[in-house]
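Next come the chains, spelled out residue by residue.
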Amino acid sequence: MPFEAARQAMPDAAMTGLHWRPASMGDLDNWAGLIARTAAVERPAWYEKRGDLIHVLESSKNPPQASTLLGFDADGVARAYGRITKNPDGDNATGMACVDPEWQQRGIGSAVLVWQEEQVRQRFNEDQEAGHTTAPPRLRIRTEEQHDHQAALLMGHGYGAVRWFNEMHRTLATELPDAPLGSGLELRTLEPPLFESVRQAHNDAFRDHWGSEPRDKEAWRFTIEEPTARHDLSTVVLDQATGDVVGYQLASHDPDAARDRGFKEGYTELLGVRRAYRGRGIAQALLADAMRRYSLAGMDVASLDVDSANPTGALELYLGMGYEPVNRSMTWEKML
């Protein structure tokens, strides 16, 4: 497997003071602990949990031997991590990373970023040689606006912000909207027999969304099995005439985040409506139903994240449903 050979380009141990290798299942607790320690200081809106990391290691498209990196101190404690993801026919790769707050300002973040860039170059080479893509290598990394140190690192390595996103909240303490579905449409709670139909609806709904790529069955399994997923708070809309899924709302709730942030939120991870069914109030009905479910489940707010330049007018939709921006993030990009 040629792509696995890319793992040899490790950061310098003498320069960073860390020993580097790919992640494995035996590292899960150590790895998750690193991310949690970093999150306790940097307080992001979301961070990866142990269950998310299991999915990272299970990926067939991004084998962990070449797509993950952990840096350990002399006592074997994980102090830094990086990873990349890419679909074989995709025109971009995504990077994620963190450095233990006690080990920042030592050049480790730069070392991880350089490693990510080299892995992305080699991954694009592999995919081009296999005929999957003709696109030049491109790496995208998302950060929250509050994290100035991450922005400084990326700008110092030639990255530019290309897209902005708003985290939005809607209090559940006030009167909730009423948005009934039109005739011929039926709302149902998400259940396993509908998982594949929702995947197909998602791929159709997100064809015109910036940065979105079709999710295959493995990627969709990771989405459905996300550790904080709440299928009881998730819904689909069916066309009664055909039985097709035409819209969906996938929800989650993170008890750890509730303790950290001081409020309970029902989070809409994904909301989509098939192109042919837009303009019929389906998204409004899904959101209104989600708010009722969240409220009955004891949540304080309904939350979601939206691309500020979403072509479907999603930002205006959410504002009209009472959501308000509370945090902003951006996607950085560099052509390699």
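Everything numeric here is computed off the predicted structure, so don't read it as measured data. (Residues numbered from 1 in each chain as written. Predicted model: local features only at pLDDT ≥ 70, side-chain atom pairs only at ≥ 80, totals over all residues. Heavy atoms only, no water.)

Draft legend 1. Here's a closer look at the nonpolar core. Residues Met168, Ile282, Leu287, Tyr294, Tyr318, Met321 and Tyr323 are the most contacted members of the largest nonpolar core, which totals 29 residues. Among the secondary structure elements, those contributing two or more residues to this core are strand 9 (245-252), strand 10 (265-273), helix 10 (282-296), strand 11 (301-307) and helix 11 (314-320). Per-element accounting of this core gives the leading share, eight residues, to helix 10. Formed by 16 residues, the second largest nonpolar core is a distinct cluster that contains Ala23, Ala39, Tyr81 and Cys98. (Core = buried A, V, L, I, M, F, W, Y, C linked by side-chain atoms within 4.5 Å. Buried < 20%, exposed > 50% of the residue type's maximum accessible area, 1.4 Å probe, protein only. Helix = DSSP H or I, 4+ residues; strand = E, 2+ residues; numbered from the N terminus.)

Draft legend 2. Up close: helix 8 (residues 217-224). Here helix 8 has its buried residues at Glu218, Trp220, Phe222, Thr223 and Ile224. Buried residues along helix 8 sit against helix 3 (50-58), helix 7 (195-205), strand 9 and strand 10. Its side-chain oxygen 3.3 Å from the backbone nitrogen of Glu218, Asp216 forms the N-cap of helix 8. (Contact = heavy atoms within 4.5 Å. Polar contact = N/O pair within 3.5 Å; in protein donor to acceptor, adjacent residues only side chain to side chain.)

Draft legend 3. The arrangement of the pairing of strand 2 (residues 68-72) in detail. The buried fraction of strand 2 amounts to five of the five residues, a majority that puts the element mostly inside the structure. Of the two faces of strand 2, the one lined by Thr68, Leu70 and Phe72 and the one lined by Leu69 and Gly71 are each fully buried. Bridge count for strand 2 against strand 3 (residues 78-85) is five bridges, and the pairing is antiparallel. If you follow Phe72 over to strand 3, its bridge partner there is Ala78. (Pairing = 2+ DSSP bridges.)

Draft legend 4. Here's a closer look at the packing of helix 7 against helix 8. In the contact formed by helix 7 and helix 8, the axes pass within 11 Å of each other and the chain directions differ by 110°. Considered as vectors, helix 7 and helix 8 are oriented roughly perpendicular to each other. In contact with Phe195, Glu196, Val198, Arg199 and His202 of helix 7, helix 8 contributes Lys217, Trp220 and Ile224. Of the residues that constitute the contact of helix 7 with helix 8, the class distribution is four nonpolar, one polar and three charged. (Axes fitted to C-alpha atoms, helices over the stretch in contact; angles between N-to-C directions. Parallel < 35°, antiparallel > 145°, perpendicular 65-115°, else oblique. Nonpolar A, V, L, I, M, F, W, Y, C, P; charged D, E, K, R; others polar.)

Draft legend 5. Focus on unusual backbone geometry. With phi around 50°, Arg43 is a residue other than glycine that occupies positive phi space. As for its position among the elements, Arg43 is in the loop between helix 2 (28-42) and helix 3.

Draft legend 6. Looking closely at the sheet that holds strand 8 (residues 235-239). The strand order 1-2-3-4-5-12-6-11-10-9-8-7 describes an open sheet built from 12 strands, whose pairing is mixed. Across the chains shown, the open sheet's two edge strands, defined by having one partner strand only, are strand 1 (19-21) and strand 7 (185-189). Across this sheet, the average inter-strand angle for adjacent strands is 20°, counted without regard to direction. Here strand 5 (residues 138-144) runs beside strand 12 (residues 324-335); their pairing, made up of seven bridges, is antiparallel. Its bridge partner being in strand 12, Arg142 is matched across the sheet by Thr331. Contacts between helix 6 (residues 148-156) and the sheet are confined to strand 5 and strand 12, with strand 5 contributing the most and set at about 160° to the helix. Sheet contacts for helix 7: strand 8, strand 9 and strand 10; angle to strand 9, the most-contacted strand, approximately 100°.

Draft legend 7. How the structure looks around the side chain of Asp73. Here Asp73 is to be found in the loop between strand 2 and strand 3. Only 2.9 Å separates the side chain of Asp73 from the backbone nitrogen of Asp75, close enough to count as a polar contact. Excluding anything up to four places from it in sequence, Asp73 contacts Leu18, Arg79 and Trp103.

Draft legend 8. Structural context of the environment of Gln65. Structurally, Gln65 is set in helix 4 (residues 64-67). Using a relative accessible area of 31% as the deciding quantity, one classes Gln65 as partly exposed. Sequence separation of Gln65 and Arg21 is 44 residues, and the distance between their C-alpha atoms is 8.4 Å.

Draft legend 9. Quick peek at helix 5 (residues 108-129). Under the 1.5 Å per step criterion, the end-to-end length of helix 5 is 32 Å for 22 residues, consistent within 8% with the ideal 32 Å. Looking at helix 5, one finds that the buried residues are Ile108, Ala111, Val112, Leu113, Trp115, Gln116, Glu117, Gln119, Val120, Arg123, Phe124 and Asp127. Among the residues trailing helix 5, Gly131 stands out with phi positive, at a value near 80°. (Expected span 1.5 Å × (residues − 1).)

Draft legend 10. Quick peek at the pattern of salt bridges. Scanning all chains against the criterion turns up 32 salt bridges. Of the charged contacts in the structure, one is a salt bridge between Asp100 and Arg79, with a shortest N-O distance of 2.8 Å. One end of the pair, Asp100, is in the loop between strand 4 (93-99) and helix 5; the other, Arg79, is in strand 3, and 21 residues separate them in sequence. This pair shows no difference in class: Asp100 is buried, exactly as Arg79 is. Where Asp289 meets Arg292, a salt bridge forms, and the shortest distance between an N and an O atom there is 4.0 Å. Note that Asp289 and Arg292 are positioned in helix 10 at a spacing of three residues, about one turn of the helix. The buried category is assigned to Asp289, whose relative accessible area is 9%. (Salt bridge = Lys/Arg side-chain N within 4 Å of Asp/Glu carboxyl O.)

Draft legend 11. Geometry of the packing of aromatic side chains. Within this structure, the stated rule accounts for two aromatic pairs. Consider the rings of Trp31 and Tyr81, whose centres lie 5.3 Å apart with planes at 65°: the pair is edge-to-face. Of the two residues, Trp31 is situated in helix 2 and Tyr81 in strand 3; the sequence distance between them amounts to 50 residues. With respect to burial, Trp31 and Tyr81 carry one shared label: buried. One Lys or Arg, Lys49, reaches over the ring of Tyr47 and ends 4.0 Å from the middle of that ring. Lying across the ring of Phe165, Arg142 places its NZ or CZ 3.9 Å from the centre. (Phe/Tyr/Trp six-rings, centres within 6.5 Å; stacked < 30°, edge-to-face > 60°. Lys NZ or Arg CZ within 6 Å of the ring centre and 35° of its normal.)

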